[in-house]
Each structure stands twice: as structure tokens, then as C-alpha cells.
Amino acid sequence: MKKLFFVGLLIVSFVFVGAGSAFAASVLDEIMAAGVIKVSTDANYAPQSFLNDKGELEGFDISVAKEVAKRLGVKVEFVTPDWDLITSGNWGKRWDISIGSMTPTKERTQALHFTMPYYSTPAQFAVHKDNTSIKSIKDLAGKRIGVGTETTYDRYLNKDLELVGVKIRYLDWKASKVTTYPTDANAIEDIALGDGVRLDAVLTAKPTIFEASKAGCGGGCPVKMLGEPVFYEHLSVALDKSRPNSESLLKKLNEIIDSMYKDGTLVDLSMQFYGTNLIPKL
Amino acid sequence: MNQTDSITRRGIPPEALETMRRIDARRSNFNRNIKISLAVMVALMVLGLVVLGLDFKFMAKWLGFILTGLGFTLLVSVLAISLACVLSVIGALGRLSRNPIFNAMATLYVSLIRGTPLLVQVYMWYLALPQIGGALQELGFVGVQKYLTLPAIPAGIMALAVCYGAYMTETVRAGIQSIKIGQNEAAKALGMTGAQTMRRVVFPQALRVIIPPVSNEFIAMVKDSSLVSLMGVWELSFRAIKIGRRYFQSLEMLILVAVIYWVMCIILQTVQERIEKHMARGERGENG
């Protein structure tokens, strides 16, 4: 019995060593050979990535992903894991890239490679429509503010946000209580309950607030924007750092994004989904 | 009715018969009142939903889309409970084993799994396994990571099966232990080995005790299967949550999906009652 076990172990280890000696292909080669690129996206944010009236994925990120795949010459396949699972890295080949409006923060660069940005979003405060006491961002001192957990907005309020290549100016006041939600949409729903019921303000992406007040909560969520955006974040395509030989794919993606800047594709998509140009000038 | 008929046939004095009829009537009265109360409570709940001012048109519009996720929910639950059944029998035999290693393994399994949240376990299967694979690969087990990187559905099934297997281990163990020692002794007297006794005498009888609680676990699992939505499986709750967030109307979608789960569990409960009745067929009184 014991002998059999060791013989088995020996065979198994030979198989593994044998497999390992095979040529280690680059991620780009693997994608081209498979003829399909697996893209993860978090379908929680309209108009970046959401389920349309037919229950299909749609949005700016989805269109960018389709265009990237087209220019690579492969098919696109979407996976929709929880946001935390995407940002934590170690994807283990379950998907190849993330096109999910991700901000390259310093922590994330430890687990992920980032391409050049493909667009940028302003971070915007919003309050309930009926509110009259909060007139400027300064008036938010000591108020209750809702954000999505582990978002850049959450970090910003905690004065713990380091963006690659962006200088951040923090506010000189502190919120009395920062409430975090699984996703930004929940914060907006909570402020929509009524002025000061649970929250006094939310901090999230300007397009999200725009979309909510236009088409959310049945007939438009009762929220209004407050002041100017507090910071701008550049959003990039992410690759798993734990997967070896990603460099050629990263280079190729940068070339593709660059070409999408040059021929105006990104601006067109931004106008289509956001109604405004969110593409930074290079 | 049947009961009273057979009573008459046995020639019971009419006064006693009258008392029995009255008890019977009281019982059916009680049952009727329960049904009325239930109906009133459900009506109150529906009224509550109306007062909430829910967007029923919105809910009706997305009902079909959400129901499409039923397949995944059932697939994950059925496969996971099947696997959990196998695990629980092995676990119970381990817990009752006189082999110290086997026994300790089963004890550790039950203690560890029951002592940690299912949510954490789901993450472990999904996130930690590939990382272990990576570490093993660096130790020289090349190619092992590929096999340890489970896709979402298998990872979810494994997490649920292993978790419920631990709880059910205790159910199965209790079922086996509920069989009187006399059965063991009788089997031994007939010359059966330990394994034969377990297979032919103890386990078939224990099954009768075990099956009702196991169907109970299944009902619980159907709801816990919503945890696989974390990994991006488009089952019932995933669909509801995404649509709710999309239109900033989470409450409507959550209530809708809750009702779907509830109806599903009512159906399962009816099935469970049937099974229980079926299993109780051969039951006899203490002295029988």
C-alpha cells in the first residue's frame, strides 16, 4: 500500500515537471491562441458598466472592451466578479484583463499592472435635492457622508489616497461619520430616502450622480451636485501582476488605447455614454 | 373521517364517540383558524408593501430576467447537497471511528468548518486556493496552480458542500448513534462484521432519522447559494442586486428576490413533509 503511494507520487511529480519544462508562452500569445480575451467588469455602475433593458451588459467600459478586443483581433468574453475580487489581483487566469474604470492607486499597483489611462472621472459631492443648509463643500464639515467601500472616494475622505501621477488636495475638515456601502449606488439610494435621514451627502463619480438624477430611483433620484469636483482620477485597464510574461500584452494594450485616442473613438464613446467629453488630452 | 369510521366499527360506546368527535372538531377548527390567521398576516404584509410605495411595474418588468437565474441556484444547490451527503457520511464514520488519526481528522474538519463563516470559506476556495497553487508551483510542483484555480461555479459548489458536509456530519453521527445498541449486538450475534452491521443494520435505520434534517439543510442551502453571486455567477440574487443598483431601486429588487426564494422554499418544504411521512411509514411505538 505504502509502496504504491510513493510510486504514484513519483509519477505525479514527473507529470508536473514535464508540464513545466514546456515553453512558457506570453499572456498575449495565450490570448491570441485562444482567440478570446476574458475581460472582467463590475456591472454595478451605470453608465460605465451595467445591465441594459434586455439584461445584457452595456456601458462605456463594455464598449471600450469590445473595441480593444476587435483591435486585438480576438473575441471578447465578460466575467462579472465582485469588485474586491478584481482589485485584489491573483486572478489565476480566470480573466485576462479588467476594463472596469479602475484607478491606479499605489496599493493596487502592488498587485496589478496598469495601462495608460483611457479616460478620467471627476469625483463629485452631492446632497439631497431638498437640502438648503449645505451651500458649499465647506458646509459639509461634521456631516455624515456615504461612499462605496474601498473606492477612491472612501480613501479620499480618510486622507489616505495616493494616485499614481496625480496630486491630491485633501479637505481641511473632517466628516463626522463616513458610512461605507458595498457599492456607490447604495449610498445614493440612502441619500434619496430624504435629506439627513441617513446621510447628508455622498461622494462618488460625477457620471454616477448624473445618471442617478436622470434615470434612477424610478423617476430620477432626488440628488443635486455640490460644488466643483474635488479631484480627478485617471482610469486604466488592469492586468494581473502575478501572471508572468504580461509585458507584451501591456505594450500591445497601450498601443491600442493610444490608437483609440488618435482616431477619436474614445471621445465618441464618452459622448455616447456620458454626454460629455471625459477623455483627457494627451 | 376515516378515523371515526374505524372507531364506530370497533364498537365504542356512543358517549365516548361523541367526545372523540368533539376533539376532532376542535382540531379541525384550530387548523381552520391557523389558515385564516396566516392569510390575514400575508394580506397585511402585502398591504405593507403597498404602503411602502414600491414600483410594482418595475418589479414585474424584471421578474422574468431574475427568474432565469433559478437554474444556477438549483444547479449549485443540488450538486452541493449531493456532495455534502457523501462528505457527511465519511465525516460521521470518522467521528465514530476508533482510529485516532481518522477520528481526529473528522473532528478537526467539523470544528474548523463550523467555526468559520461560510462567506470567508467562499473567499478561501476562490482566492486562497490559486495562491496555494502558486506557492506549490514555486516549490517545484509545476502546473499545479491550473488545477487549484477553480472557476466560480465549482468553487461555490465546493464551499457549500464542504460547509454543509460539516454540519451534516453531526446529523449523520447523531442518526447512527440513535440506533439502539441491541441492534448492534443482535447483528454481532448473527456473525456480522462491524462493516456489515453498519451497512445492513444500523445505517438503513439511521437513514430514517437523518433524512428529515438533511432536507432541512437543503432548504437552508438554497438560500446560502446566493453567496456564489460574489464570484459573478448570474444566479437569482446576482441578477436582482445588479438590476437594483443599475436603477437605484435596490429595495424593489431585494423584495422581489426574497419572495422568489420564499416561494421556492415553501415548495421544498412541502416536498420535505412528503418525504418525512414516507420515512415514518415503518415506524412503530417504543414497545413495538
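Residues numbered from 1 in each chain as written. Chains lettered and ligands numbered in written order. Predicted model: local features only at pLDDT ≥ 70, side-chain atom pairs only at ≥ 80, totals over all residues.

Student: How do you make sense of the overall build of chain A when you look at a structure like this?
Tutor: For chain A, the helix and strand inventory stands at ten helices and ten strands. Burial status across chain A gives 44% buried among its 282 residues. A sequence separation of at least 24 residues applies to 76% of the contacts in chain A between residues at least 6 apart. (Helix = DSSP H or I, 4+ residues; strand = E, 2+ residues; numbered from the N terminus. Buried ≥ 20, exposed ≤ 12 C-beta atoms within 10 Å, placed from the backbone. Contact = placed C-beta atoms within 7 Å.)

Student: What should I look at first to understand the overall build of chain B in this one?
Tutor: Across its full length, chain B holds twelve helices and zero strands. Its C-alpha atoms give chain B a radius of gyration of 25 Å, more than 25% over the compact-globule value 19 Å for 288 residues. Counting only C-alpha atoms, chain B reaches 85 × 70 × 25 Å along its principal axes. For chain B, buried positions account for 31% of its 288 residues. Sequence separation of 24 or more characterises 71% of the internal contacts of chain B that already satisfy a separation of 6 or more. (Rg over C-alpha atoms; globule rule 2.2 N^0.38 Å.)

Student: Even after reading the chapter, I still don't get unusual backbone geometry, so can you show me in this structure?
Tutor: Residues and elements named next belong to chain A. For the bond from Ala-46 to Pro-47, the omega torsion is 0°, close enough to zero to count as cis. Mapped onto the secondary structure, Pro-47 falls in the loop between strand S1 (36-40) and strand S2 (50-51). Despite not being glycine, Lys-93 shows a phi value in the positive range, around 65°. For Lys-93, the position within the fold is in the loop between helix H4 (83-87) and strand S5 (97-102).

Student: I tried to follow the domain arrangement of chain B on my own but got confused; where do I start?
Tutor: It is common to give the size of an interface as the accessible area that goes away when the parts come together. Examined at the domain level, chain B breaks down into domain 1 (2-52) and domain 2 (70-233). Averaged C-alpha coordinates put domain 1 of chain B and domain 2 of chain B at centres separated by 41 Å. (Domains from an automatic or database assignment.)

Student: I'm lost on the environment of Gln-205 of chain B in this one. Help?
Tutor: Residues and elements named next belong to chain B. Relative to the elements of secondary structure, Gln-205 occurs in helix H10 (residues 194-224). Accessibility expressed as a C-beta count within 10 Å gives 16 for Gln-205, which makes it partly exposed. A C-alpha to C-alpha distance of 8.5 Å links Gln-205 and Gly-175, two positions 30 residues apart in sequence. With residues near it in sequence (within four places) discarded, Gln-205 still touches Ile-179 and Gln-183.

Student: What is the right way to look at the interface of chain B and chain A in this model?
Tutor: Of the residues lining the interface, 25 residues belong to chain B; the matching set on chain A comes to 32 residues. When grouped by side-chain class, the residues that make up the side of chain B that touches chain A number 13 nonpolar, eight polar and four charged. (Nonpolar A, V, L, I, M, F, W, Y, C, P; charged D, E, K, R; others polar.)

Student: Any chance you could explain the nonpolar core here in plain terms?
Tutor: One recurring pattern in soluble globular proteins is that nonpolar side chains are buried together. With 92 residues, the main nonpolar core has Ile-188, Ala-201, Val-202 and Leu-203 of chain A as its most contacted residues. Sorting elements by how many residues they give to this core places helix H8 (residues 152-177) of chain B first, with 14 residues. For Ala-201 of chain A, the residues in contact, after removing those within four places along its chain, are Phe-125, Ala-126, Val-127, Ile-134, Leu-140, Lys-143, Ile-145 and Leu-226 of chain A. Val-27, Leu-28, Leu-112 and Leu-235 of chain A belong to the second largest nonpolar core, which has 35 residues in total. (Core = buried A, V, L, I, M, F, W, Y, C linked by C-beta atoms within 7 Å.)

Student: Explain the sheet that holds strand S7 (residues 144-148) of chain A to me, please; I cannot follow it from the model alone.
Tutor: Note: strands within a sheet are paired through backbone hydrogen bonds, in either parallel or antiparallel orientation. All names here are of chain A. Taken in spatial order, the eight strands line up as S4-S1-S5-S10-S6-S9-S7-S8 in an open sheet, and their pairing is mixed. If you trace the sheet from one side to the other, it starts and ends with strand S4 (75-79) and strand S8 (177-181), each paired once. Taken pair by pair, the neighbouring strands of this sheet meet at an average axis angle of 25°, ignoring direction. Where S1 meets S5, two bridges bridge the pair, whose relative direction is parallel. In the sheet register, Ser-40 faces S5, and the bridge partner there is Ser-98. Helix-sheet contacts for helix H9 (residues 247-262) involve strand S6 (112-128) and strand S10 (223-240), and the interaxial angle to S6 is about 55°. (Pairing = 2+ DSSP bridges. Axes fitted to C-alpha atoms, helices over the stretch in contact; angles between N-to-C directions.)

Student: It is not clear to me how the packing of H10 of chain B against helix H12 (residues 250-280) of chain B should be interpreted in this structure. Could you clarify?
Tutor: Two quantities define a packed helix pair, namely the angle between the axes and the distance from one axis to the other. Residue and element names in this part refer to chain B. Between H10 and H12, the least distance of the axes is 10 Å, while the angle of their chain directions is 175°. With respect to H12, the axis of H10 lies roughly antiparallel. Contacts from Arg-208, Ile-211, Pro-212, Ser-215, Asn-216, Phe-218, Ile-219, Val-222 and Lys-223 of H10 reach H12 at Tyr-261, Met-264, Cys-265, Leu-268, Gln-269, Gln-272, Ile-275, Glu-276 and Met-279. Of the residues in the contact of H10 with H12, the class split is eleven nonpolar, four polar and three charged. (Parallel < 35°, antiparallel > 145°, perpendicular 65-115°, else oblique.)

Student: Explanation requested: helix H10 (residues 265-274) of chain A in the structure shown.
Tutor: Along an α-helix, residues three or four positions apart point the same way, because every turn accommodates 3.6 residues. Residue and element names in this part refer to chain A. Of the residues making up H10, those classed as buried are Leu-266, Leu-269, Ser-270 and Phe-273. Around the axis of H10, the buried residues are gathered within 105° of arc, so they sit on the same side. Contact partners of the buried residues in H10: helix H3 (60-72), S6 and H9. Positive phi shows up at Gly-275, right after H10, with a value of about 70°. (Arc of directions from axis to C-beta.)

Student: What exactly am I supposed to notice about the confidence of the model for chain A here?
Tutor: Should pLDDT be low for a region, the predicted coordinates there are not to be read in detail. This prediction gives chain A a mean pLDDT of 88; 91% of its residues lie at or above 70. Taken as a whole, residues 14-22 of chain A scores under 50 in pLDDT and shows nine contacts with residues more than four places along the chain or in a different chain. (pLDDT = per-residue confidence, 0-100.)

Student: Would you explain the domain arrangement of chain A in this entry?
Tutor: All names here are of chain A. Split into domains, chain A comes out as domain 1 (21-120 + 235-274) and domain 2 (121-233). Centre-to-centre, using C-alpha coordinates, domain 1 lies 27 Å away from domain 2. Listed as interface residues are 15 residues of domain 1 and, on the opposing side, 14 residues of domain 2. Classifying every residue of the side of domain 1 that touches domain 2 gives six nonpolar, seven polar and two charged.

Student: Honestly, the pairing of S1 of chain A in this entry has me stumped. Any pointers?
Tutor: On a regular strand, one side chain projects to one face of the sheet and the next to the other, so that they alternate. Of the pairings in the sheet, the one linking S1 of chain A to S4 of chain A comprises five bridges and is parallel in character. Of the residues in S4 of chain A, the one forming a bridge with Val-36 of chain A is Lys-75 of chain A.

Student: When you look at the pairing of S7 of chain A in this model, what are you seeing that I'm missing?
Tutor: Residue and element names in this part refer to chain A. Burial analysis of S7 places four of its five residues in the buried class, the great majority of the element. Summarising the sheet, S7 and S8 pair through five bridges and their orientation is parallel. By the bridge assignment, Ile-145 is partnered in S8 with Val-178. In this fold, the crossover linking S7 to S8 by way of helix H6 (residues 152-157) has right-handed handedness. The pairing of S7 with strand S9 (residues 201-205) spans two bridges and is classified as parallel. What sits directly across from Gly-146, in S9, is Val-202. (Right-handed = clockwise from strand over helix to strand, strands pointing away.)

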